[in-house]
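Observations on the three-dimensional arrangement
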Amino acid sequence: MSPLRTYLAFLTVLGMTKLTLGADRDVVLLKSPGSPLVDFRFVFHVGSSHDPSGKEGLAALTALMLSRGGTDESSLREVMEALYPMAASVSSQPDKEVTTFIGHAHRDHLEPFYEIFRERILRPRFDPADFERNKNELLNFLTKSLRSSDDEELGKHALEWVLYEGHPYRHPVQGTVAGVQSITLEDVKNFYREHYTFANLQMGVAGDLPDGLTERMREDFRKSLPAGEERPRTLPDVSGGKGLMVTVVHRPAADSTAISLGIPLDITRADGDFYPLLVANIHLGDHRTFNGVLMNELRAKRGLNYGDYSYVESFIQEGGSTFPVPNIPRRQQHFSIWIRPVAPENAHFALRGAIFYLRRLVENGMTREQFEETREYITSYSKLWVQSLDRRLGYQMDSRFYGTDFYIDEIERRLATMTVEDVNRALKKHLDRWDFRVAIVASNAEELARAIESNAESPVSYQTPGTAEDVLAEDEKIRIRELPIERVGIVSAEEIFEK
């Protein structure tokens, strides 16, 4: 039995079942009798795309003031001392269009936990000391963590920076350095009053819940928040180009080279073409598995790096797992490829290699056998994305955002009638393009930029002998592959995200 079929058999043994979901206008309710935990996800339809110009980071700082600050009645220390014996937690997850407040508690502590969760959102303390600490946390992330110690994250944020130029998605959710520095506590209070309204709120709760809880929640928030009006920000189209626009982020201390590339997509989970493109993407670059072409060609056969993946929507990994976090829905998405750091001498080859295998898929399409195997894999594997009650709740709320049925059921339903012709048509329609934005974090920025701009040959360098003859033969095609380069630029890591 192949490793894939063994894995699928394992999923079958797990006995994944469909959920019974209840939902009304304001509360997504997921009942699970007997569950010891209660999960809260409150989603406000406000995110970094609502940051005023010059105040980038305001949505994230406001979220931190609620999730890592005190309440009217209690200081942050008193709140933490109350949560600690309950082994409960409250966190915030700001993104481009929404901000999610996430809470977990044992059902035995439901009442005192809900009181804290509610007060943090409805009656934040806005303590000046909390403000300074949270503001410094954002600045430290931008100036130290992102610029100095995490080239992979720097590359991914840099890709959005160049992909969404002139667009409210451009800056990191955490803001820009100048933007965060300019934010005052009064700015936070005003942003909270303007955007934290009942019309902007979607509530979700899961677990073994007492009767009347959801009605009480709805009434608590309806009475305490301004009624407001749901007004999604109008998003401009993302400008395209004719060829590759490459930005090399110069970080002298980088000992390897991280590469990200992407193009805007005009489809989301709400569109029919998303699902055949999802199948093609899993085949090309399934995240952190050896099912993907990129992972097998660049890592397994050539040992270039630790991993090579692709995505058809925004993807943020949940901790150390292989799964994405839920509740990062966006009305505009992009296709991206993430090449984890490679040796500097192989960076140009790795860029060409990723595009070589993408173009081969677009031009030749998937075979019927590849399609059938990938369809079977996704139908089963997608159920692992909702293996916890909390994740199921998050995905259900995302489905409300996109106006679809429960995402996992939607995948199963659509894949059941999908054909390989559907997949290959979607590939041609949405990915047969060359207008990629490319972000590369490198120490040899000038040398690499010149090589890419001139389409210089890029022979690959192997540390050990023994590479298969057919791989070496394919290397010869990749190293001379002409790319339609439209523009190459260099920016210092100390300058990007400055303002």
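Structure report, in brief. Here the structure is a predicted model, which is why all the values come from computation and not from measurement. (Residues numbered from 1 in each chain as written. Predicted model: local features only at pLDDT ≥ 70, side-chain atom pairs only at ≥ 80, totals over all residues. Heavy atoms only, no water.)

Right, let's get into the pairing of strand β5 (residues 99-106). With 6 of 8 residues buried, β5 is to be regarded as a mostly interior element. With 8 bridges connecting them, strand β3 (residues 37-44) and β5 associate as antiparallel partners. Bridge pairing links V38 to A105 in β5. Both strand β4 (residues 89-94) and β5 contribute to a ladder of 6 bridges, which runs antiparallel. Considered in β5, the bridge of S92 is made with F101. Following β4, the chain reverses through 4 residues before pairing antiparallel with β5. (Buried < 20%, exposed > 50% of the residue type's maximum accessible area, 1.4 Å probe, protein only. Helix = DSSP H or I, 4+ residues; strand = E, 2+ residues; numbered from the N terminus. Pairing = 2+ DSSP bridges.)

Close approach of charged atoms allows side chains of opposite charge to pair. Overall, the coordinates contain 41 salt bridges when judged by the stated rule. Two residues, D273 and K429, come together in a salt bridge whose shortest N-O distance is 3.5 Å. You can see D273 sitting in the loop between β8 (257-265) and α10 (274-285) and its partner K429 sitting in helix α16 (residues 420-431), a full 156 residues away along the chain. Assessed through its relative accessible area of 57%, K429 is described here as exposed. Between E318 and R391 there is a salt bridge, with its nearest N and O atoms 3.0 Å apart. Here the residue E318 occupies a position in the loop between β9 (308-311) and β10 (333-342), and R391 occupies one in helix α14 (residues 389-402), the gap between them amounting to 73 residues. You can call E318 partly exposed: its relative accessible area is 27%. (Salt bridge = Lys/Arg side-chain N within 4 Å of Asp/Glu carboxyl O.)

Moving on: the packing of helix α12 (residues 347-364) against helix α17 (residues 445-453). For the pair α12 and α17, interaxial distance at closest approach is 10 Å and the crossing angle is 40°. Considering the angle they form, α12 stands oblique to α17. α17 is crossed by α12, and the crossing has right-handed handedness. Within the contact between the two elements, α12 uses A347, H348 and L351 and α17 uses L448, A451 and I452. (Axes fitted to C-alpha atoms, helices over the stretch in contact; angles between N-to-C directions. Parallel < 35°, antiparallel > 145°, perpendicular 65-115°, else oblique. Left-handed = near helix turned anticlockwise from the far one by under 90°. Contact = heavy atoms within 4.5 Å.)

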